[in-house]
Every structure is written in structure tokens, then in C-alpha cells.
Amino acid sequence: MASSTVLAQQADLNLVGEGEGTLSIGSRPSQTVTFVTVTSRPN
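Residues numbered from 1 in each chain as written. Predicted model: local features only at pLDDT ≥ 70, side-chain atom pairs only at ≥ 80, totals over all residues. Heavy atoms only, no water.

Details of the environment of serine 30
Working step 1: Mapping serine 30 onto the fold places it in the loop between strand 2 (12-23) and strand 3 (31-40).
Working step 2: For serine 30, a relative accessible area of 47% translates into the label partly exposed.
Working step 3: Every residue in contact with serine 30, bar those within four places of it in the chain, is listed here: Thr22, Leu23 and Ser24.
Working step 4: Within polar-contact distance, the side chain of serine 30 engages the side chain of serine 24 at 3.0 Å. (Helix = DSSP H or I, 4+ residues; strand = E, 2+ residues; numbered from the N terminus. Buried < 20%, exposed > 50% of the residue type's maximum accessible area, 1.4 Å probe, protein only. Contact = heavy atoms within 4.5 Å. Polar contact = N/O pair within 3.5 Å; in protein donor to acceptor, adjacent residues only side chain to side chain.)

What follows is the structure, encoded as C-alpha cells:
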């Protein structure tokens, strides 16, 4: 499994992950994912 990288720049938080998994959000159909990025900002 690949390592993950976390970067914090100012007030933003950026997450990057690589691997394989299933993404399930609410009632939407599940999907297989191999790479994901998430950016979180205040408010």
C-alpha cells in the first residue's frame, strides 16, 4: 500500500491518498476508487 501525504497550507488542509477501496455516499451507488484528494477550508 502506498504512503499518504498530508499538507497544511495556511488555513487549508489537503489530503491525498492512493490505494483501492469503495466510496459510498448516501443513497448513491458505490464506486471503486484508486486515488482521492480532499481539500478542507474553514467555513
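So, the environment of glutamate 20
Working step 1: Looking at the secondary structure, you find glutamate 20 in strand 2.
Working step 2: With 16 residues separating them along the chain, glutamate 20 and valine 36 place their C-alpha atoms 9.7 Å apart.
Working step 3: Beyond its immediate sequence surroundings of up to four residues, glutamate 20 is in contact with Thr32, Val33 and Thr34.

Here we look at the environment of serine 40
Working step 1: Secondary-structure assignment places serine 40 in strand 3.
Working step 2: Owing to a relative accessible area of 38%, serine 40 belongs among the partly exposed residues under this scheme.
Working step 3: Excluding anything up to four places from it in sequence, serine 40 contacts Ala11, Asp12 and Leu13.

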